[in-house]
Amino acid sequence: MIIEGAIFDMDGLMMDTERLVFENWQEIMTKKGYSYTADDFRKTIGKRRIETEQIMKAQYGEDFPYLECADECHVLFIEKTERDGISVKKGLFELLQVLKERGVKTAVATSTRRPSAERVLSMTGAMPYFDAVVCGEDVTEGKPDPEVFLKAAERIDVEPHKCAALEDSPSGITAAYRAGMKTIMVPDFIEPDDEIRDMLDLLCGDLEEAISFFE
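In this numbering scheme, every chain counts its residues from 1 along its sequence in written order. In keeping with the model being predicted, local features are shown solely for residues with a pLDDT of at least 70 and side-chain atom pairs are shown and tallied solely at 80 or more, while totals for entire chains, interfaces and linings include all residues. Excluding hydrogens and water, the side-chain values take into account all heavy atoms of the structure.

S.K.: Please set out helix α7 (residues 147-155) residue by residue, giving values where relevant.
M.R.: For α7, every residue scored as buried is listed here: Glu147, Val148, Phe149, Ala152 and Ala153. Considering only its buried residues, α7 is in contact with β1 (5-8), β2 (105-109), β3 (132-134), β4 (163-167) and α8 (170-178). Strands here mean DSSP runs of E at least two residues long; helices mean DSSP runs of H or I at least four residues long; both are numbered from the N terminus. Aspartate 157 sits one or two residues past α7 and shows a positive phi near 60°. Each residue's exposure class comes from its accessible area (1.4 Å probe, protein chains only) as a fraction of the maximum for that residue type: buried when under 20%, exposed when over 50%, partly exposed otherwise. Contacts were defined at the residue level, with two residues in contact if any of their heavy atoms lie within 4.5 Å.

S.K.: Talk me through the side chain of threonine 44; I want residue IDs and the actual numbers.
M.R.: Along the chain, the position of threonine 44 falls in the loop between α2 (38-42) and α3 (49-60). Look at threonine 44 and you get buried, because its relative accessible area is 9%. Non-local contacts of threonine 44, meaning those with residues more than four positions away in its chain, are made with Tyr36, Thr52 and Ile55.

S.K.: Please provide a residue-by-residue account of empty space enclosed by the protein, values included.
M.R.: For each structure, a 1 Å grid was placed over the protein atoms alone; sets of points admitting a 1.4 Å probe that cannot get out are labelled cavities, open sets with protein on both sides within 12 Å along at least five of seven lines are labelled pockets, and lining residues have an atom within 4 Å of a point. Grid points are joined across faces, edges and corners, and a volume is the space filled by probe spheres set on the points. Under the counting rule described, the total for this entry stands at one cavity of 30 Å³ or more. In this structure, the largest cavity encloses a volume near 30 Å³. Along the walls of the largest cavity sit Arg48, Thr110, Ser111, Gly136, Val139, Glu141, Gly142, Lys143 and Val148, which together make up its complete lining. The residue inventory of the lining of the largest cavity, partitioned by class, reads two nonpolar, four polar and three charged. Each residue is assigned to one of three groups, with Ala, Val, Leu, Ile, Met, Phe, Trp, Tyr, Cys and Pro labelled nonpolar, Asp, Glu, Lys and Arg labelled charged, and all others, Gly among them, labelled polar.

S.K.: Explain the sheet that holds β2 residue by residue, including any values.
M.R.: Two strands make a pair as long as DSSP finds a minimum of two bridges between them. The six strands lie next to each other as β3-β2-β1-β4-β5-β6, forming an open sheet whose pairing is parallel. Each end of this open sheet is capped by a strand with a single partner; those strands are β3 and β6 (202-203). As judged from the two bridges shared by strand β5 (residues 182-185) and β6, these two strands associate in the parallel manner. Within β6, the residue paired with methionine 185 across the bridge is leucine 203.

S.K.: Hey, could you go over the packing of aromatic side chains for me, with residue numbers and the actual values?
M.R.: When two rings of Phe, Tyr or Trp (its six-membered ring) have centres within 6.5 Å they constitute a pair, described as stacked for plane angles under 30 degrees, edge-to-face for angles over 60, and tilted for the intermediate range. The final tally for this structure, using the stated rule, is 12 aromatic pairs. Their ring planes at 70° and their centres at 5.9 Å tell us that phenylalanine 22 and phenylalanine 189 sit as a pair that is edge-to-face. You can see phenylalanine 22 sitting in helix α1 (residues 18-31) and its partner phenylalanine 189 sitting in the loop between β5 and α9 (194-197), a full 167 residues away along the chain. No difference in accessibility class separates phenylalanine 22 from phenylalanine 189, as the two residues are buried. Linked through ring pairs, Phe22, Trp25, Tyr36, Phe41, Tyr66 and Phe189 together constitute an aromatic cluster. Two thresholds decide whether a charge sits over a ring: the Lys NZ or Arg CZ must be within 6 Å of the ring centre and within 35 degrees of the ring normal. The ring of tyrosine 129 has lysine 100 sitting right over it, with the charged end atom 5.7 Å from the ring centre.

S.K.: Can you explain the environment of glycine 180? Please cite residues and give values.
M.R.: Within the secondary structure, glycine 180 is located in the loop between α8 and β5. Overall, the relative accessible area of 40% leaves glycine 180 in the partly exposed class. For the pair formed by glycine 180 and phenylalanine 93, sequence separation is 87 residues and the distance between their alpha carbons is 26 Å. Among all residues touching glycine 180, those that are not within four sequence positions of it are Pro160 and His161.

S.K.: Lay out the layout of surface pockets with the relevant residues and their values.
M.R.: Empty space within the largest pocket amounts to approximately 780 Å³. In this structure, the largest pocket is lined by 37 residues; those nearest its centre are Asp11, Val21, Trp25, Lys47 and Thr112. Of all the secondary-structure elements, those providing two or more residues to the lining of the largest pocket are α1, α3, α4 (66-84) and α6 (114-124). For the lining of the largest pocket, the leading source of residues is α4, giving six residues. Residue classes in the lining of the largest pocket are distributed as 14 nonpolar, 11 polar and 12 charged.

What follows is the structure, encoded as structure tokens:
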């Protein structure tokens with residue numbers, strides 16, 4: 001079957017931003033006297049802000065000042081990326097150029113809020129390659145619910161089963177699989193377990209390796 005649509009997650013897949021976000025959270029949490037590890041961060045990868053708040057309040061208590069911490073982390077993210085820029089993952093633009101040349105429609109399906117997502121896409125020069133961008137506030141259910149992928153397919157007018165979804169997280173792969181799409185995983189913070197591997201059509205070390213899927 002010919003793939004007519006390619007739907008990309010953003011953080012951790014296209015952009016090397018997950019580590020920066022983790023470092024910011026760890027810095028803020030330490031300053032406020034909380035313990036925060038990479039395992040704590042992994043629980044929130046691919047989640048929308050509202051879902052991350054629920055996860056963290058379940059861990060740290062209902063009085064945990066999530067919104068205050070999240071806002072401080074966002075300020076840090078802006079400051080550091082303005083100073084240092086944003087790194088893109090290996091093979092991103094090579095893959096996007098191949099998709100463009102072959103007439104494959106493209107969309108972003110991210111849990112990140114739109115102002116942040118559009119800023120990152122614009123800063124890295126990736127925005128012009130995409131026909132649609134679906135963000136956290138555009139859906140009522142976050143990953144692993146398939147809503148964000150189904151909405152992205154709708155926006156580019158391609159049936160879900162004719163789309164390939166590219167993700168770095170298990171929750172994203174689960175969402176894409178439930179949407180009925182082909183699934184390509186390029187792990188970042190989390191390696192796939194056996195359950196996730198059974199959902200995959202392709203497991204890659206980087207985005208450059210994913211080019212062969214569309215040939």
